[in-house]
Amino acid sequence: MKIEIVGGGPAGLYFAILMKRLDPAHQVTVHERNRADDTFGWGVVFSDETLSNFEEADPETHLAITSQFAYWSDIDIFFRGERIRSTGHGFCGIARREFLRILQDRAAALRVEVRFETEVDPSRLPPADLVLAADGANSRVRERFAAHFQPSIDWRRCKFTWLGTDLLFDAFTFIFRENEHGLFQVHAYPFDDRTSTFIVECREEVWKRAGLDRADEAATVAYLSDLFREELRGHRLLTNRSIWRTFPTIRNATWHHGNVALIGDAAHTAHFSIGSGTKLAMEDSIALASAFARTSDVPAALASYEAERMPIVGRFQSAAQTSLEWFENSARHARHLDPLTFAFSLMTRSKRITYDNLRTRDPELVGRVTERFADANPYRSDVAPAPSYAPAVVTSARSEAAPPLFQPFRLRDLVLANRLVVSPMCQYSCDDGTPNDWHLVHLGSRAVGGAGLVMAESTHVARDARISPGCAGMYSDAHVAGWKRVVDFAHAHARARIGVQLAHAGRKGSCTLPWEGDVPLSSGAWETIAPSAVPYAEGWHVPREMERADMDRVVSEFVRSTGRAVEAGFDLVELHMAHGYLLGTFLSPLTNQRSDEYGGAIENRLRFPLEVLRAVRAEWPAEKPLSVRISATDWREGGLDSADRIAVARAFKAAGCDVIDVSAGQTVSDQQPVYGRMYLVPFSEEIRHEAAIPTMTVGNIQDADQCNTILAAGRADLCVLARPHLVDPYFMLHAAMRYGYADQYWPPQYATAKPKG
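Every chain's residues receive numbers from 1 upward, in the order its sequence appears when written. Side-chain atom pairs in this predicted model are given and counted only at pLDDT of 80 or more, local residue features only at pLDDT of at least 70, and totals for whole chains, interfaces and linings cover all residues. Hydrogens and water are ignored here; the side-chain numbers use all heavy atoms of the structure.

Asker: Where do I start with the sheet that holds strand E8 (residues 113-115) in this structure?
Answerer: Sheets are built from strands that pair by backbone hydrogen bonding, the pairs being arranged parallel or antiparallel. Across the sheet, which stays open at both edges, the six strands sit in the order E8-E2-E1-E9-E17-E16 with mixed pairing between neighbours. Looking at which strands have only one partner, the edges of the open sheet turn out to be E8 and strand E16 (256-257). DSSP bridges decide pairing: two strands pair if at least two such bridges lie between them. Numbering of helices and strands runs from the N terminus; a helix is a DSSP stretch of H or I covering at least four residues, while a strand is a stretch of E covering at least two.

Next comes the structure, spelled out in structure tokens:
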């Protein structure tokens, strides 16, 4: 093959090496615009697990690189005058200049032709079987074929500058320091026996307040040397084209077009806080070379390369984005978290390190974090009592070091035995709104399974407020009796408390059952109402725009249903103001298009939901808590934003809401959600800190480890799980077995299954 590579950085050089190693007959030329000894930046850092890939791909390069590595296993976090160290991680670093020299030497030994100080005109690419664009984040080749690659570039909110220092750190070091201009943060690590990388980052508004937008390199170094004089301990900051930059997150719809392919930063970027772009680039090279080892057909090889790497890089970018956003919002974490919780939040920010993972690496630190959670949590109380009928069971004293998921939680006079919540999951199996044996078994088994709070499904305040004919109701005395049967079972046979979610479907009502298509009813339909006469989707019922009389009726329906919830014995009431149902559609500017006092600014859009909340709070016993579920985002431009959701949470708190159940989306049919593990947790964290109210978090939380991670980092107070509870009603009992938590309550009927000792 004749291969032309545009860009002589690690991606281009390493691919050239691998292809010549695969077949010395390949004619490989690398075009590099800079000189051989030019390099910008300082050190390259890798984790231990990356190195095995390099060793398998080319042992000679691996040996040359690893012989020059600086190794360390610790992470230091400097915050509020404290240093918190975590161990057991495993990193290695090398000077970027030395790294490139090794790759250049290896390429030369394999007879790769490297042409330095050579510009390639993207409009006149050299003839070849393969042209590889390895020309970085500002790729000219990518831009030449932008119509085919379809790049997207997300410019972020922080500014950063890449410096060096002659201070030799002995750990991967994060420093957070605040002055009159705002918060600055440092990402630092050693890469040889005398020098460290020293990246300084801050929000753009902080950068401007500090006058750094007008500073040259010398002025930047003077400012930062003074700011971090305590941490630098008399050592110098060093520059190498250390200009302030904004990080771009780059994605492409495809990585190949004809015989042209993208690799490394030309194809994708991932924020430096999660690791090395060099690592991703070299792994791209390995995957692309492996594709050519399987076939000499260029289109087939490029398609295989993209199919293999794009999902892997996508997951890495997702983790990097979460990490990036943590650092963009570090000032919020700094305001609200103590140093130990702050450190744990930082360590687990990308979701790649979790409570269990860190407990394996550094059990001493996780033990301290766990004790801090138990001691400092403002909502602690005694554990909920066992059912009155149950025989006395001798248990050990509750351990202050029990994992966070097992710690109790108090809302008003309600004490939950632990932090696990069974999510309200519609079963669509009621008889004209009345729950039956299915609900008794469904909810009863999950109460027996050990959750702290079991939420009954979305329960509607009127017959014409239902989503479907099979939905639950609280609009007749028969409903009270049906629900009381379920509540009494939970109270008699478990420590779980039980709540009910009261709802009005609004414009998403009058639909068939999900397994019958989940579409508007064609017969037996009822009229739907909404703040504005806007249907949910094409072909759906057009709702009638509500008048004042409709509002009065809906308020009274919620109040009557609340009174029935009291009669049924529920421990908690939740108002459903999310997912595009009636109350939620008042909150969203996408669905509330009113021009009166109930539309427009968020204060007006809040007006009617607050009427309902205040009326329900007045009816609901003062000693019992009230929750509200909200959609923190509509996942569409023009929908609820950060300021809106914080305003909503603050208003609800002032009106008597005790906890916000933070969900998202389902407001409009053309939403564009961003899914992933624990993907809604950042919204919960934001509301918890900025509105100073407890939160429940939902969103693809899969296991107890993730729950512990969320709770210990201060991102939520309760974890709400849906699908995991459908699979495993005894989720909490199994979690207690896994963690060896002896104080988890087991019904005496199941006591023989409880692990001994």
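Right, picking up where we left off after that structure.
Asker: So what exactly am I meant to see when it comes to the sheet that holds strand E4 (residues 70-72) here?
Answerer: One open sheet accounts for three strands, arranged E3-E7-E4; its pairing is antiparallel. Of all strands in the sheet, those with a lone pairing partner are strand E3 (43-47) and E4, marking the two edges. Averaged over all pairs of adjacent strands, the angle between strand axes in this sheet comes to 25 degrees, irrespective of strand direction. The pairing of E3 with strand E7 (residues 91-95) spans five bridges and is antiparallel. Of the residues in E7, the one forming a bridge with Phe 46 is Cys 92. Each of E3 and E7 is contacted by helix H4 (residues 96-109), which is oriented at about 80 degrees to E7, the strand it contacts most. Axis lines are fitted through C-alpha atoms, for helices just across the contact stretch, and the angle between N-to-C directions can take any value from 0 to 180 degrees. For this analysis, residues touch if any pair of their heavy atoms sits within 4.5 Å.

Asker: Would you mind going over the packing of aromatic side chains with me for this structure?
Answerer: What characterises a pair of aromatic rings is the spacing of the ring centres plus the angle enclosed by the ring planes. Note on ring pairs: Phe, Tyr and Trp rings are taken, using the six-membered ring of Trp, and paired if centres are within 6.5 Å. Classes follow the plane angle, with under 30 degrees stacked, over 60 edge-to-face and the rest tilted. Overall, the coordinates contain 38 aromatic pairs when judged by the stated rule. Taken together, the ring pairs in this structure connect Trp 72, Phe 79, Phe 91, Phe 172, Phe 174, Phe 176, Tyr 189, Trp 326, Phe 327 and Phe 342 into an aromatic cluster. As a reminder, the over-ring test applies to NZ of lysine and CZ of arginine, requiring each to be within 6 Å of the ring centre and within 35 degrees of the ring normal. Taking NZ or CZ as reference, Lys 159 lies 4.6 Å from the ring centre of Trp 207, over its face. Between Lys 508 and the ring centre of Tyr 536, over which it is positioned, the NZ or CZ distance is 4.8 Å.

Asker: I would appreciate a short explanation of the pattern of salt bridges in the present structure.
Answerer: It is possible for side chains bearing opposite charge to pair when their charged atoms get close. Whenever a carboxyl oxygen of Asp or Glu lies within 4 Å of a side-chain nitrogen of Lys or Arg, that contact is scored as a salt bridge. In total, this model carries 61 salt bridges according to the counting rule given. In this structure, Asp 226 and Arg 229 form a salt bridge, with 3.1 Å as the shortest nitrogen-oxygen distance. Relative accessibility thresholds used throughout: buried, under 20% of the residue-type maximum; exposed, over 50%; partly exposed, between the two (1.4 Å probe, protein chains only). Judged by relative accessible area, Asp 226 falls into the partly exposed class, the value being 47%. Using a relative accessible area of 54% as the deciding quantity, one classes Arg 229 as exposed. Through salt bridges with shared partners, one network takes in Asp 464, Glu 527, Arg 544, Asp 550, Arg 553 and Glu 557.

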